[in-house]
Amino acid sequence: MVNRKMKQSATIAFTAVMALSLAACGNSNNNTNDGAKNNAAPSAADSGNAAATTAPSDKKVTITFQNIYPDPATPAYKMINELSEQYQKDHPNVTIELDTLNTDQQKVKLKTQAASKEVPDITIVNPAAQMKPFVDAGLFAPLNDMLEQNGLKDTYQEGLLDYYSFDNNVYALPDGNNIEVVYYNKDLFAQAGIAAPPTTFEELLQDVKILKDKGITPLAIGEKDSWTGSFLFMNILLRTNGGPGFLQDVLDGKKTFEDPAFVEAVEAFQQLVQAGAFPDGATSIDANAGGNIFKTGKAAMWSIGSWETGAIDASPVAGKVGAFQFPTVNGKGDPNEFMLAPGSAFAVSANSEHLQETKDFLNYFASEYPKKQFELKNAVGIGQKVDGDLKAAGYSDLAVNIAGLFNQVKGGDLAFDNTMNPATAQVHLSSIQNLFVQKMDSAAVAKEHQAAFEANK
Amino acid sequence: MKVLKVPARTIAVFILPCLLLYVCLVFVPILVSLYTGLLKWDGLTTAEFIGLGNFKDMFFNDPVFWPSVRRTLLYAVASMLEIPLCLGMAILLNRYLKKANTLVSIYFTPVILSVVIIGQLWKTIYNPTSMGGMLNGVLVSLGLDSWTHNWLTEPNIAMYSLYLVSLWQFFGYHLLIQYTGVQNIPDELYEAAKIDGADGFKADRYITLPLIVPIFKISIILAFIGSLQAFDLVMVMTGGGPAHATDVISTHMYNSSFMSFKYGYGSAIATFLVVVCLIFTGVINTIFNKLEKKYN
């Protein structure tokens with residue numbers, strides 16, 4: 001009798017465990033099914049779009065907003081928090097959950113989430129080649145319909161959305177449109193007796209030596225995050241190539257990496273390293289810490305995107321900083337051509353459980369974005385048109401100066417990893433990082449690039 | 001089994017929940033990554049089956065792979081060499097201190113700290129002289145200026161700097177294991193040995209060593225597997241740089257999968273890592289089984 005009872009309960013326990021563990025194993029499957037359902041739903045909802053957006057629904061909704069504004073000292077952090085709070089106040093049923101990460105962490109997290117098709121409702125992507133694999137995998141929702149609402153589309157600068165468009169669909173809304181400039185600390189330049197910022201590469205090398213002799217770090221960089229060195233290197237390549245389009249030519253098969261322009265750029269970059277332009281141990285400093293070397297007045301120059309303008313104005317060196325265009329290299333190139341950084345952009349998950357609410361929120365967010373940034377004195381380099389005069393609104397001379405540079409832009413290139421596929425880009429990034437610690441044969445560096453490009457075509 | 005007087009079926013039922021969980025969380029992923037290792041796949045779009053293509057690339061065409069294997073194995077050897085040191089220390093502590101617990105706890109502190117904290121701490125210690133690095137500072141104040149280095153960014157030195165941090169961190173961990181082992185050896189044995197004339201070093205040789213072998217084995221295996229999987233410390237301190245100079249197998253796998261979008265290739269590396277772990281665990285087990293037999 002006892003034995004039978006035991007058997008019975010054992011069987012029940014066994015079945016329960018089986019069911020539970022099967023459920024655990026099959027969990028991800030369920031999610032993708034839900035996703036497919038949601039995918040189909042919006043097309044039906046779209047027709048009644050206007051009604052759906054105006055009528056406040058009471059459905060409790062939590063929108064996850066993955067973002068890359070982690071530093072509470074920066075205007076961008078305040079922007080995203082204030083806008084989210086405002087929206088939650090206006091829409092009590094909506095909760096915005098911020099998933100705030102560093103740039104590199106966010107890239108990895110998104111990639112991991114994408115592999116299991118669990119992209120957050122709103123996330124951040126980079127333009128063109130970096131974004132393409134995600135779009136090809138069907139992870140992002142097209143935003144065309146949402147851009148038409150409230151005239152949002154017209155606020156963006158001409159052509160900017162093209163970097164985020166595939167097959168005539170816009171998949172993400174950029175947070176900025178920036179150029180690479182060289183910021184310099186006027187006090188430190190004066191201390192070293194340098195009268196004017198350099199206009200040629202030779203002058204730059206000269207200034208580097210003078211600063212170095214005075215015990216001042218010439219150029220700040222945080223090369224543990226290897227995109228920083230690449231961004232600077234690409235600026236040199238833009239000059240030695242006599243203009244933009246080198247990587248595109250390589251992609252089109254018109255040039256190879258062993259082209260003299262590329263070798264010359266590597267050579268020039270190595271001269272900078274050899275002259276001691278960068279902080280000691282640069283390859284173990286992460287990007288934020290690298291920037292802080294400049295922002296705390298310990299380095300004289302910093303070559304970075306104009307997105308840092310607001311942060312510099314909020315740092316201890318505010319008021320002492322100017323900016324100049326990257327100099328010509330060996331007499332080549334046009335200073336009015338810049339490394340272009342058409343922002344990072346907000347994309348919406350195609351599998352979002354509440355796609356419509358998410359789009360509505362992003363529409364609000366993107367519409368309010370320029371005003372808020374302007375208010376927070378962070379409007380330099382945003383990709384949308386803003387009403388208002390910078391000078392009158394109390395912006396710094398640096399901001400006005402940078403805004404002036406935007407008007408001189410004649411064209412330029414995108415960053416290496418926005419143009420080439422990720423595998424080739426990784427080889428490039430590590431190859432440039434290596435130049436910081438080892439003197440290399442420039443031709444060999446070019447060859448390494450070409451080999452990687454061909455292997456990963 | 002028979003001793004338990006419980007039917008095998010009941011035992012099976014009790015084991016089952018854990019077993020299933022284990023299968024789901026450990027074996028299924030391993031099998032899945034075995035399979036994805038055979039694909040040319042970016043992790044997002046459609047995959048293409050290429051058989052052993054990834055393994056061919058890995059063994060013959062990847063300039064980063066073999067150096068990272070070499071670094072990993074060197075790391076493993078270094079961590080295993082640390083264990084005898086821990087054992088010696090444990091024996092000394094046990095013999096000369098009445099209550100060594102406090103001391104052992106202090107040695108154990110680094111193990112409690114998160115690797116990220118350890119990494120940041122040692123990064124500041126290793127900083128270049130110009131950024132006020134403590135190690136270089138001490139060297140300079142001793143007049144040893146020529147000994148100063150950029151510990152984490154000179155390709156020839158960086159990896160050794162990382163080994164040191166890891167050895168430092170896990171010293172207390174293995175010390176604790178060994179110390180507990182030594183303490184558990186009954187005093188009567190030593191007293192009996194003393195009467196027979198075995199004292200001090202002799203007692204260690206003929207009593208402590210044979211009895212500590214199982215504990216020693218655990219430490220060795222933990223140290224070995226732990227260092228094969230070393231990842232977090234490298235990621236925090238150097239990220240595998242400069243230019244792959246500190247890449248180990250796991251960071252190379254991570255970079256391939258997530259940075260280069262070569263998910264299939266990364267899985268192939270993972271498969272290699274699993275196989276290496278299994279082989280070496282087998283080897284270590286065999287060696288120790290023989291040792292145990294010899295002493296018993």
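Rules used throughout
- Residues numbered from 1 in each chain as written.
- Chains lettered and ligands numbered in written order.
- Predicted model: local features only at pLDDT ≥ 70, side-chain atom pairs only at ≥ 80, totals over all residues.
- Heavy atoms only, no water.
- UniProt positions renumbered as here; feature names shortened; annotations may be inferred.
- Helix = DSSP H or I, 4+ residues; strand = E, 2+ residues; numbered from the N terminus.
- Buried < 20%, exposed > 50% of the residue type's maximum accessible area, 1.4 Å probe, protein only.
- Lys, Arg positive; Asp, Glu negative; His and termini not counted.
- Salt bridge = Lys/Arg side-chain N within 4 Å of Asp/Glu carboxyl O.
- Polar contact = N/O pair within 3.5 Å; in protein donor to acceptor, adjacent residues only side chain to side chain.
- Contact = heavy atoms within 4.5 Å.
- Core = buried A, V, L, I, M, F, W, Y, C linked by side-chain atoms within 4.5 Å.
- Buried area = accessible area lost by both parts, 1.4 Å probe.
- Nonpolar A, V, L, I, M, F, W, Y, C, P; charged D, E, K, R; others polar.

Chain B has the name ABC transporter permease subunit in an unreviewed UniProt entry, where Paenibacillus phytohabitans is given as its organism. Checking UniProt for chain B, the heading Sequence similarities (unreviewed entry) contains the comment "Belongs to the binding-protein-dependent transport system permease family." If you open the UniProt record of chain B and go to Subcellular location (unreviewed entry), you find "Cell membrane".

Per an unreviewed UniProt entry, chain A carries the name Extracellular solute-binding protein and comes from Paenibacillus phytohabitans.

A. Structural context of the side chain of Lys224(A). Summarising the element assignment, Lys224(A) is placed in the loop between strand S8 (217-220) and helix H11 (227-240). Among buried Asp, Glu, Lys and Arg side chains, Lys224(A) stands out as unpaired, with Asp286(A) the closest opposite charge at 5.3 Å. Among the polar contacts made by the side chain of Lys224(A), one reaches the main-chain carbonyl oxygen of Met235(B) at a distance of 3.2 Å. Ignoring anything within four residues of it in the chain, the contact list for Lys224(A) reads Ala282(A), Thr283(A), Ser284(A), Ile285(A), Asp286(A), Gln433(A), Lys123(B), Met235(B), Val236(B), Met237(B), Thr238(B) and Gly239(B).

B. Summary view of the UniProt feature "domain: ABC transmembrane type-1" (unreviewed entry) in chain B. In the UniProt entry, the feature "domain: ABC transmembrane type-1" (unreviewed entry) is given for residues 68-284 of chain B. Secondary structure content for residues 68-284 of chain B is 76% helix and 0% strand, while the C-alpha to C-alpha distance between its ends is 22 Å.

C. Quick peek at the environment of Phe272(B). Residues and elements named next belong to chain B. Residue placement: Phe272 occurs in helix H12 (residues 263-295). Separated by 217 residues in the primary sequence, Phe272 and Phe55 place their C-alpha atoms 8.7 Å from one another. What Phe272 contacts, discounting residues up to four positions off in sequence, is Met58, Phe59, Phe65, Val69 and Ile249.

D. Structural detail: the side chain of Thr240(A). Residues and elements named next belong to chain A. Note that Thr240 resides in helix H11. Polar contacts involving the side chain of Thr240 include one to the main-chain carbonyl oxygen of Leu237, which spans 3.3 Å. Polar contacts involving the side chain of Thr240 include one to the main-chain carbonyl oxygen of Ala261, which spans 2.9 Å.

E. Spotlight on the nonpolar core. Counting 62 residues, the largest nonpolar core has Leu173(A), Tyr183(A), Phe361(A), Leu362(A) and Phe365(A) as its most contacted members. No other element matches helix H16 (residues 355-375) of chain A, which puts eight residues into this core.

F. Examining the interface of chain B and chain A more closely. Each partner contributes residues to the interface: chain B has 36 residues there, and chain A has 35 residues. Summed over both partners, the interface of chain B with chain A comes to about 2,900 Å²; 69% of that surface belongs to carbon and sulfur atoms. At the junction of chain B with chain A, the criterion picks out zero salt bridges. The interface formed by chain B and chain A holds seven residue pairs in polar contact (both at pLDDT 80 or more) in total. The set of elements that each furnish at least two residues to the side of chain B that touches chain A consists of helix H1 (8-36), helix H10 (232-237) and helix H11 (249-259) of chain B. Tallied by class, residues from the side of chain B that touches chain A come to 20 nonpolar, 12 polar and four charged.

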